[in-house]
Amino acid sequence: MMRKDVTPQKKKQSKFLSGLLGGIIGGLLAFGLAFAVIKPNSTANTSTSSEPNKPTEVSKVTYNVESGTTKAVEKVQDAVVSVVNLQKRQKMEDIYGGLGSLFGQSEQQEDNSEQKSSDEDLEASSEGSGVIYKKEGNKAYIVTNNHVVEGSDGLEVLLDDGTKLAAKLVGTDAYTDLAVIEVDSSKVKKTADFGDSDKIKVGEPAIAIGSPLGSIYANSVTQGIISAKNRNIVNRTDNNQVTNINALQTDAAINPGNSGGPLVNIAGQVIGINSIKIAQAESGVSAEGLGFAIPSNDVITVINQLEKNGKVIRPALGITMSDLSLVSAEQQEKILKLPKNITTGVIIREVRAATPADRAGLKQYDVIVGIDDQKVETSTDLQTALYKKKVGDKAKITFYRGKDKKSVTVDLVIEQSATK
C-alpha cells in the first residue's frame with residue numbers, strides 16, 4: 001500500500017497543535033515548579049487549611065539559654081536562704097490603739113493569745129539573707145550578717161523551696177558584721193563552696209543572690225562586676241558598735257534584705273558576704289552601684305572561730321581610724337602638721353580609754369606609718385597585721401605626731417567587745 005502524502009496545510013495545522021500542546025505542557029511544568037518552590041514547609045508553624053477565613057495558629061519557639069551566669073546561679077542558689085529576725089511583738093491594743101476587734105480579733109481571742117507559748121509571741125521584725133556553707137551531722141550552718149540577727153529574740157530561716165526552719169544563733173562578730181546560725185540539716189539539700197577572695201580580679205563578673213526587701217523576693221539574682229578590692233568601710237551601728245570591713249566593692253545591685261547573702265563568682269563559688277550599700281555620700285550626693293561584701297577569706301577565718309567559741313577573740317589597739325589619703329594635702333600640713341613627704345598612713349581618730357593604745361601613750365591625730373617594721377599605708381594594712389597577732393603579743397607601732405617620728409611598743413590584749 002502506498003503511504004498518502006500529507007498536504008502542506010495539514011502539516012501546518014499539525015505543527016501548530018504540537019507547538020500549542022508543548023506550550024501548555026511547558027507552562028504547567030513551570031507552574032508546578034513555582035508551586036513547589038513557594039509551597040510552605042509542612043513542618044512550619046503556618047496554617048495549611050483550605051478554609052479561607054481560618055486564622056493562622058501561633059505556636060511557641062523554645063531554645064536553651066545557658067551561660068556562665070546561669071551555671072553559677074544553678075550551682076549555689078539552693079544554698080541561699082532568707083533569714084527572719086523575730087522579736088517579741090507588742091499587744092494589738094498597743095499597735096492599733098485598742099481597736100484590735102476591727103482587725104478580726106475578739107476579746108476571747110486576745111485572752112487565748114495570752115495563753116500561747118512565748119515562741120508564738122514573736123513576730124518578724126526584719127529580714128535578711130544567708131548562705132548554707134556546711135552540713136555536719138544533724139546540723140547545717142549558715143553565715144549571715146551580724147546586723148541581720150542583731151536584737152533578735154528568735155530566728156527563722158526560709159529555704160529555697162519555701163520550707164521554714166527554726167534557727168539557733170551560734171555566734172556573732174560585730175566588728176566584721178558576721179554571724180553564724182544553725183538549723184536542722186534534714187531539710188537541707190545543698191551547701192555552697194567558698195572561693196579564694198585573694199585571687200579575685202577587678203573587672204571579673206560578680207553575682208549577688210539574696211532577698212531584697214524581704215523573702216517576698218527571695219533568691220533574686222543581680223549581676224555586675226568586682227569594682228575594687230580592699231575598700232576599708234567603717235560603719236557605726238545604732239548601738240554605737242563600730243564595724244570595720246576590708247571589703248570587695250561591686251556594682252551588682254544590693255538592696256536592703258540582700259545583707260548576709262552571697263556574692264558569687266562565675267564558677268559558682270562564694271567570694272564574699274554582702275554587707276553594706278552606700279546610696280548617699282556624707283555631702284548628700286546620691287550614688288548608684290556602690291555595694292560592699294566581706295571577702296570570703298576573711299569570712300572563713302571568722303566563722304571558724306564563731307563555730308568554736310561563739311565569738312572572735314582578737315587583739316586590738318583600741319582606736320578608731322581613717323586613711324591619711326582621704327585627707328587633703330592642706331589639712332595634712334596645717335592640721336596634722338605632717339612632713340610634706342608623708343602622704344600615706346593611718347590617722348588615729350579616737351583612742352578608747354584603758355586600751356593598749358591608751359596605755360602606750362598613743363593620741364588622737366597621731367598618724368601610724370608602720371607596725372613591726374612593716375609599712376602601713378591604709379587601715380587595711382594595719383588591721384591585717386593586727387589580725388595576724390595573738391592575744392598577749394607585742395607590737396611595735398611607728399607613727400608621726402606632727403613632724404616628729406616616734407615608736408612605741410604595745411601590749412596587745414583582748415578587744416573589749418570580745419569579752420562581752
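Residues numbered from 1 in each chain as written. Predicted model: local features only at pLDDT ≥ 70, side-chain atom pairs only at ≥ 80, totals over all residues. Heavy atoms only, no water.

A.B. asks: For this particular structure, what's the right way to read the overall build of the protein chain?
C.D. replies: Looking only at helices and strands, the protein chain features 9 helices and 20 strands. Across the 420 residues of the protein chain, 37% fall into the buried class. Here the analysis covers contacts within the protein chain between residues at least 6 apart in sequence; of these, 66% occur between residues at least 24 apart. (Helix = DSSP H or I, 4+ residues; strand = E, 2+ residues; numbered from the N terminus. Buried < 20%, exposed > 50% of the residue type's maximum accessible area, 1.4 Å probe, protein only. Contact = heavy atoms within 4.5 Å.)

A.B. asks: Looking at this model, I keep getting lost on unusual backbone geometry. Mind explaining?
C.D. replies: Among all residues save glycine, negative phi is the norm, and among peptide bonds the norm is trans. One non-glycine residue, A354, lies in positive phi territory at about 60°. Along the chain, A354 turns up in the loop between β15 (346-351) and α8 (356-360). Look at D372: it is not a glycine, yet its phi comes out positive at around 50°. With respect to the helices and strands, the residue D372 is situated in the loop between β16 (367-371) and β17 (374-375). The partly exposed category is assigned to D372, whose relative accessible area is 28%.

A.B. asks: Before we go on, may I ask you to explain the packing of aromatic side chains in this structure?
C.D. replies: For any two aromatic rings, the description comes down to two numbers: the centre-to-centre distance and the angle of the planes. Under the criterion given, the structure shown has 2 aromatic pairs. Both rings, one in Y133 and one in Y141, keep their centres 6.5 Å apart while their planes meet at 40°; by these two values the pair is tilted. Considered together, Y133 and Y141 belong to a single accessibility category, that of buried residues. Summarising the aromatic geometry, the rings of Y133 and F194 are spaced 6.0 Å apart at their centres and angled 50° between planes, so their arrangement reads as tilted. Here F194 lies in the loop between β6 (178-184) and β7 (205-210) and Y133 lies in strand β2 (residues 122-136), a separation of 61 residues in the sequence. Y133 sits in the buried class, given a relative accessible area of 11%. Linked through ring pairs, Y133, Y141 and F194 together constitute an aromatic cluster. Between K134 and the ring centre of Y141, over which it is positioned, the NZ or CZ distance is 5.1 Å. (Phe/Tyr/Trp six-rings, centres within 6.5 Å; stacked < 30°, edge-to-face > 60°. Lys NZ or Arg CZ within 6 Å of the ring centre and 35° of its normal.)

A.B. asks: For this particular structure, what's the right way to read the pattern of salt bridges?
C.D. replies: Two side chains with opposite charge may pair up if their charged atoms get near one another. For the structure on display, the rule yields 12 salt bridges. Across the pair K134 and E136 runs a salt bridge, and its minimum N-O distance is 3.9 Å. On the basis of relative accessibility, which here comes to 24%, the residue K134 falls in the partly exposed class. What makes E136 partly exposed here is its relative accessible area of 46%. The shortest N-O distance in the salt bridge between R401 and D366 comes to 2.8 Å. Pair noted here: R401 is in strand β18 (residues 394-401) and D366 is in the loop between α8 and β16, with a separation of 35 residues, a long-range link. Accessibility expressed as a relative area gives 28% for R401, which makes it partly exposed. (Salt bridge = Lys/Arg side-chain N within 4 Å of Asp/Glu carboxyl O.)

A.B. asks: Can you help me understand the sheet that holds β6 in this one?
C.D. replies: If you walk around this closed barrel you meet the 6 strands as β1-β2-β3-β6-β5-β4, and the pairing is antiparallel. When the angles between neighbouring strand axes are averaged without regard to direction, this sheet yields 40°. (Pairing = 2+ DSSP bridges. Axes fitted to C-alpha atoms, helices over the stretch in contact; angles between N-to-C directions.)

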